[in-house]
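This is what each chain is made of:
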Amino acid sequence: MAPFRGNNLLRIFVTLPLLPLAAAGWAASSAGAAPAHSANQATTTQTSGTESPLPVFEMHSGFWVNLHHFLYLQARLLKGNSSSKEAGRGAAQPDELPVSLIDFPEADIRAWQDAVAFYSKDLAGRDLLLNGDMEIINNQLSAMETCPDLEGKTTQLCKSGLRQDLVEALERAAPVYRAHWWAQQDRANREWIAQVAPMIQKMGVELSGQLADVYQRPWPSERLRVDVVWYGGPFGAYTSLDPIHVTISSHDPRNRGVYGFEVLFHESSHILAGAVTAAIAREFRARDKPIPRDFWHALLFYTTGEIVRRDVEYGSMTLTYEQSSGPSGYLPYAARFGLYSGSWERFRGLLDLYWLPYLDGRVSFDTAMARLADAL
Ligand SMILES: [Zn+2]
């Protein structure tokens, strides 16, 4: 069973952009918002000028997006997880207590609690993705990465345009976060980037081409913006499409080692899913059958997992973490973390039967889709 091979055209397409240094490899974290020692650390841990920039992705560890997600987490933890019971396939309950504020200066405690209370009121109950506002907040704060404030006090470029009460909450919390947690979380983000970087260097272009071929959609010509955050929501990662923006947690234990690499490409494959969802709709409509809920998403997990599994099997990737190995080599993310249960168990069996032959190059995309629709 040979690994799936894509055509060279796409390979060239994704390799072409050679980037200005500022945008190359991983971007520095917010210069204005980071403490001095963190900025120094950035120069030592970043890709140096002699190394090639990372292909496919542009990695960031940004102050404001990290603060935003951390406040979101703290507010959810404060709600005692009762009203914010994590739901959905692959959702994980945060496995921690709210941060301790013992021995903090009184003013810091008040500022932090005010900001968490603001998030608790409304934002903490929202999904990070299935809510236009949360996407806009994430995208805006990501763009504000190098801004010392969000109100344009230093430059108009740093005027976030976000609602005033949110800006106030974030700015109130910022000095406390910077003093107590940011350095450690920024370090964790950078370590996570350093861990996946060699895999991306080695296999990123190849894998992006393979996925583009499988999904019959071109991989985006620009490198994909990835914000690495300490907390990334109950699923450990999410992707918004307009603009394309991947957010992924460095702290989620599921995102370690090769799994972090697989998650990055699973998230990216959401960008390419259009032909799959269109084909599923077409085939099921033609048979007058209801479209099985989330079947397309199971197919995405299955596909990335299978391609990464083959890369591991063929020695293109090395398993570096104990959780990555099993008796039969790499166990893809969805299998490893229990996503194939209930209806997804059946999906997996049918994907083995009718989608795998397509990944092997033995049947066409349309044939595979038609057979799946017949069987489901
Ligand atoms: Zn997904």
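Presented here is an overview of the structure given in this document.

Calculation notes
Residues numbered from 1 in each chain as written. Predicted model: local features only at pLDDT ≥ 70, side-chain atom pairs only at ≥ 80, totals over all residues. Heavy atoms only, no water. Donors = N, O, S within 2.8 Å, 3.2 Å for Na, K, Ca; no water. Helix = DSSP H or I, 4+ residues; strand = E, 2+ residues; numbered from the N terminus. Buried < 20%, exposed > 50% of the residue type's maximum accessible area, 1.4 Å probe, protein only. Expected span 1.5 Å × (residues − 1). Contact = heavy atoms within 4.5 Å. Disulfide = S-S within 2.5 Å. Pairing = 2+ DSSP bridges. 1 Å grid on protein atoms, 1.4 Å probe; cavity = no way out; pocket = protein on both sides within 12 Å on 5 of 7 lines; lining within 4 Å. Points joined across faces, edges and corners; volume = space filled by probe spheres on them. Nonpolar A, V, L, I, M, F, W, Y, C, P; charged D, E, K, R; others polar. Core = buried A, V, L, I, M, F, W, Y, C linked by side-chain atoms within 4.5 Å. Phe/Tyr/Trp six-rings, centres within 6.5 Å; stacked < 30°, edge-to-face > 60°. Salt bridge = Lys/Arg side-chain N within 4 Å of Asp/Glu carboxyl O.

## Re the coordination of the zinc ion
Those donors, His 266 (NE2), His 270 (NE2) and His 297 (NE2), are the protein atoms that reach the zinc ion, and they lie 2.0 to 2.1 Å from it. Written as a sequence motif, the donor residues of the zinc ion are H-x3-H-x26-H. Of this pair, His 270 sits in the loop between helix H8 (258-269) and helix H9 (274-286) while His 297 sits in helix H10 (residues 295-313), and the two are 27 residues apart along the sequence. Using a relative accessible area of 18% as the deciding quantity, one classes His 297 as buried.

## Some points on helix H5 (residues 132-143)
Relative to the 16 Å expected for twelve residues at 1.5 Å per residue, H5 spans 17 Å between its end C-alpha atoms, a close match to the ideal helical length. The complete set of buried residues in H5 reads Met 134, Ile 137, Asn 138, Asn 139, Leu 141 and Ser 142. Here the buried face of H5 lies against helix H3 (63-78), helix H6 (164-180), strand S2 (224-229), strand S3 (237-241) and strand S4 (244-249).

## Description of the state of the cysteines
Taken as a whole, this structure holds one disulfide when the rule is applied. Cys 147 shares a disulfide with Cys 158; S-S distance 2.1 Å. Across the disulfide from Cys 147 to Cys 158, rotation about the S-S bond amounts to roughly -85°, and the bridge is consequently left-handed. Residue Cys 147 is located in the loop between H5 and H6, and its partner Cys 158 is located in the loop between H5 and H6; the two are separated by eleven residues in the primary sequence. Of the two residues, Cys 147 and Cys 158, both sit in the buried class.

## A look at the pairing of S4
Among the six residues in S4, five count as buried, and that is most of the element. Counted along the chain from S3 to the antiparallel partner S4, the turn is two residues long.

## Topic: unusual backbone geometry
In this chain, Asp 242 is followed by Pro 243 through a cis amide linkage whose omega measures 5°. With respect to the helices and strands, the residue Pro 243 is situated in the loop between S3 and S4. At Val 56, a residue that is not glycine, the phi angle is positive and equals roughly 70°. Mapped onto the fold, Val 56 is located in the loop between helix H2 (36-45) and strand S1 (57-60). The class for Val 56 is buried, based on a relative accessible area of 4%. For Asp 294, which is not a glycine, the phi torsion comes out positive at approximately 65°.

## A short note on the layout of surface pockets
Using a probe with the size of a water molecule, rolled over the atoms, empty space left in the structure can be pinpointed. There is about 1,100 Å³ of room inside the largest pocket. Along the walls of the largest pocket sit 41 residues, with Asp 127, Leu 129, Leu 130, Phe 235 and His 297 positioned nearest its centre. Sorting the residues of the lining of the largest pocket by element identifies H3, S3, H8, H10 and helix H12 (343-359) as the ones contributing at least two each. It is S3 that contributes the most residues to the lining of the largest pocket, five residues altogether. Across the lining of the largest pocket, the residue classes break down as 17 nonpolar, 13 polar and eleven charged. In this structure, the second largest pocket spans a volume of roughly 250 Å³.

## Here we look at the nonpolar core
By size, the foremost hydrophobic cluster in this structure holds 67 residues, and its most contacted members are Phe 57, Met 59, Phe 261, Leu 264, Phe 265, Leu 299 and Trp 355. In terms of residues, this core owes the most to one element, helix H7 (residues 182-215), which gives 13 residues. Setting aside residues no more than four positions away along its own chain, Trp 355 makes contact with Val 214, Leu 299, Tyr 302, Thr 303, Leu 350, Phe 365, Ala 368, Met 369 and Leu 372. The next biggest cluster of nonpolar side chains, apart from the first, holds 44 residues, and it includes Phe 70, Ala 169, Ala 173 and Val 229.

## A few points about the packing of aromatic side chains
A full pass over the atoms with the stated rule returns 26 aromatic pairs. Considering the side-chain rings of Phe 57 and Phe 265, the 5.1 Å spacing of their centres and the 70° angle between planes classify their relative orientation as edge-to-face. One end of the pair, Phe 57, is in strand S1; the other, Phe 265, is in helix H8, with 208 residues separating them in the sequence. Between the aromatic rings of Tyr 340 and Trp 344, the centroid separation amounts to 6.4 Å while the plane-to-plane angle is 45°, which identifies the pairing as tilted. The pair formed by Tyr 340 and Trp 344 is uniform in burial state, with each residue classed as buried.

## Comments concerning the pattern of salt bridges
Applying the stated rule across the entire model yields 20 salt bridges. The residue Arg 223 makes a salt bridge to Glu 58 at a minimum N-O spacing of 3.9 Å. Pair noted here: Arg 223 is in the loop between H7 and S2 and Glu 58 is in strand S1, with a separation of 165 residues, a long-range link. Take Arg 223 and Glu 58: they sit in the same class, and that class is buried. Put simply, Glu 283 and Arg 282 hold a salt bridge, and the shortest N to O gap is 3.5 Å. Judged by relative accessible area, Glu 283 falls into the buried class, the value being 13%. Three or more residues are tied together by salt bridges with common partners; here these are Glu 306, Arg 309, Arg 310, Glu 313, Asp 360 and Arg 362.

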